[in-house]
Amino acid sequence: LKPILEPRAQFEEQEEGWQTASLPSASKLRAAMPIYEEKLICPLAVRFTQGHIRPVFQDKFDLEETIKQFKTRPGTGDYDVILETPFKNIEVVRWFQPDSEHKEKDEKHWFTLDNRRLYCLQKAA
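Counting from 1, residues in each chain are numbered in the order their sequence is written. Local features in this predicted model are restricted to residues whose pLDDT is 70 or higher, and side-chain atom pairs enter the listing and the counts only when it is 80 or higher, whereas totals over whole chains, interfaces and linings include all residues. Side-chain metrics rest on all non-hydrogen atoms present in the structure, leaving aside hydrogens and water.

A. Seen up close, the sheet that holds strand β3 (residues 46-47). If you walk across this open sheet you meet the three strands as β3-β7-β6, and the pairing is mixed. The two strands at the open ends of the sheet, each matched to only one other strand, are β3 and β6 (92-96). In this scheme, strands are said to pair when DSSP sees at least two bridges between them. Runs of H or I in DSSP of at least four residues are treated as helices and runs of E of at least two as strands, each being numbered from the N terminus. In this structure, β6 lies alongside strand β7 (residues 108-112), joined through five bridges in antiparallel fashion. Residue pairing in the sheet places R94 in a bridge with W110 of β7.

Laid out in structure tokens, this is it:
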């Protein structure tokens, strides 16, 4: 992991004693800190962001038929099996979900907006 560095403003002297700050360009910041990182995560560790999902994708493919197309390959390291899917990877975020009932410790969890794809992954896992 690389440390997160905050950009330092460079001040330029303007007329009448005013100073203006100039930050590094967005392209320089992106080179220093990636927007996303690909990881292997167990689908059972990711939480849904909706209570219900439709039984078909937006392109009308059935979820159950899609699950039948999954393939597996041997995992490496801590992973027993890796699922190969007919759809692109899901995007997940680490987010703190307050627990109003205090049943769980206050901690961050993985969530996704790709609820139908997560359903397929969890069912296959």
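B. Representation of unusual backbone geometry. If you check the backbone angles, K60 has positive phi at about 75° while not being a glycine. Position of K60 relative to the elements: it lies in the loop between β3 and α2 (63-68).

C. Examining the nonpolar core more closely. Nine residue types can take part in a nonpolar core, namely buried Ala, Val, Leu, Ile, Met, Phe, Trp, Tyr and Cys, and a core is a set of them joined through side-chain atoms within 4.5 Å. Only protein chains enter the accessibility calculation, which uses a 1.4 Å probe; a residue whose area is less than 20% of its type maximum is buried, one above 50% is exposed, and one in between is partly exposed. Residues F57, L63, I67, F70, F87, C120 and L121 constitute the largest nonpolar core, which totals seven residues. Listed by contribution, the elements that provide at least two residues to this core are α2 and α3 (115-124). Dropping the residues within four chain positions of it, L63 is found in contact with I53, R54, P55, V56, F57, R116, Y119 and C120. In this analysis, two residues are considered to be in contact whenever any of their non-hydrogen atoms come within 4.5 Å of each other.

D. Focus on the packing of aromatic side chains. Aromatic rings from Phe, Tyr and Trp, with only the six-membered ring used for Trp, were paired whenever their centres fell within 6.5 Å, and each pair was classed as stacked if the ring planes differed by under 30 degrees, edge-to-face if by over 60, and tilted otherwise. Evaluated as defined, the whole model comprises three aromatic pairs. A centroid spacing of 5.7 Å and a plane angle of 70° characterise the contact between F70 and F87, whose relative ring orientation is edge-to-face. Here F87 lies in the loop between β5 (81-84) and β6 and F70 lies in the loop between α2 and β4 (71-74), a separation of 17 residues in the sequence. Neither residue differs from the other here; F70 and F87 are each classed as buried.

Function cannot be inferred from these measures alone, as they are strictly geometric.
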